[in-house]
Amino acid sequence: GHTTLLLPDHPQVYAVLRTLDTSVWLVVCNFSGSHQALPLARETDAIAGTLLLGNLPERPGTAEERATVAASRVSLQRLELAPWEALILALDRDA
């Protein structure tokens, strides 16, 4: 597999792509007490991802709602992270 650090100069957000064969995951963590808006579509070559794991129950797609595919979709055009939020997304790469 391969790991790529995204936004290496961002002082409050850790974002990394993990690739294994044809699967691609995005791990993104907000290490601050303020909201962070991140345009990650260009950084990842993906426009959306499926939420696999998150630490805040307020985000649609976590807990019971994740069983519904539509509820677990997360746009990367302008991803907004809540304070101290962390997500793992399976990405849909553009061909």
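Use the structure listed above.
Residues numbered from 1 in each chain as written. Predicted model: local features only at pLDDT ≥ 70, side-chain atom pairs only at ≥ 80, totals over all residues. Heavy atoms only, no water.

**Quick word on the overall build of the chain**
Helix and strand counts for the chain come out as 1 helix and 8 strands. Order of helices (α) and strands (β) in the chain, N terminus to C terminus: β-β-β-β-α-β-β-β-β. In the chain, which comprises 95 residues, the proportion classed as buried is 36%. Relative to all contacts within the chain whose residues are 6 or more apart in sequence, the contacts with residues 24 or more apart total 60%. A total accessible area of about 5,600 Å² is found for the chain, and carbon and sulfur atoms account for 56% of it. (Helix = DSSP H or I, 4+ residues; strand = E, 2+ residues; numbered from the N terminus. Buried < 20%, exposed > 50% of the residue type's maximum accessible area, 1.4 Å probe, protein only. Contact = heavy atoms within 4.5 Å. Areas by Shrake-Rupley, 256 points an atom, 1.4 Å probe, with all protein chains shown as cover.)

**Things to note about the environment of Leu5**
Within the secondary structure, Leu5 is located in strand 1 (residues 2-6). Looking at Leu5, the relative accessible area reads 47%, which means it is partly exposed. Once residues lying within four places of it in the same chain are set aside, the contact partners of Leu5 are Tyr14, Ala15 and Val16.

**So, unusual backbone geometry**
Look at Asp21: it is not a glycine, yet its phi comes out positive at around 55°. Tracing the backbone shows Asp21 in the loop between strand 2 (13-20) and strand 3 (23-30). Within the chain, Trp84 stands out as a residue other than glycine whose phi angle is a positive 65°. For Trp84, the location among the structural elements is in the loop between strand 7 (79-81) and strand 8 (86-93).

**A closer look at the nonpolar core**
Ranked by size, the top nonpolar core spans 19 residues in total, and within it Leu26, Val28, Leu40, Leu76, Leu79, Leu89 and Leu91 carry the most contacts. For this core, the secondary structure elements donating two or more residues are strand 2, strand 3, strand 5 (46-54), strand 7 and strand 8. Discounting chain neighbours no more than four positions away, the residues touching Leu89 are Val24, Trp25, Leu26, Thr50, Leu51, Leu52, Val74 and Leu76. (Core = buried A, V, L, I, M, F, W, Y, C linked by side-chain atoms within 4.5 Å.)

**Overview of the pairing of strand 1**
As judged from the 5 bridges shared by strand 1 and strand 2, these two strands associate in the antiparallel manner. Across the sheet, residue Thr3 finds its bridge partner in strand 2, namely Arg18. Between strand 1 and strand 2, which pair antiparallel and follow one another directly, the connecting turn spans 6 residues, one of which, Leu7, has a positive phi of 50°. (Pairing = 2+ DSSP bridges.)

**As for the environment of Phe31**
Note that Phe31 resides in the loop between strand 3 and strand 4 (36-38). A C-alpha to C-alpha distance of 8.7 Å links Phe31 and Pro11, two positions 20 residues apart in sequence.

**As for the environment of Ile47**
Looking at the secondary structure, you find Ile47 in strand 5. Judged by its relative accessible area of 45%, Ile47 is partly exposed. Placed 31 residues apart in sequence, Ile47 and Arg78 show a C-alpha to C-alpha distance of 9.4 Å.

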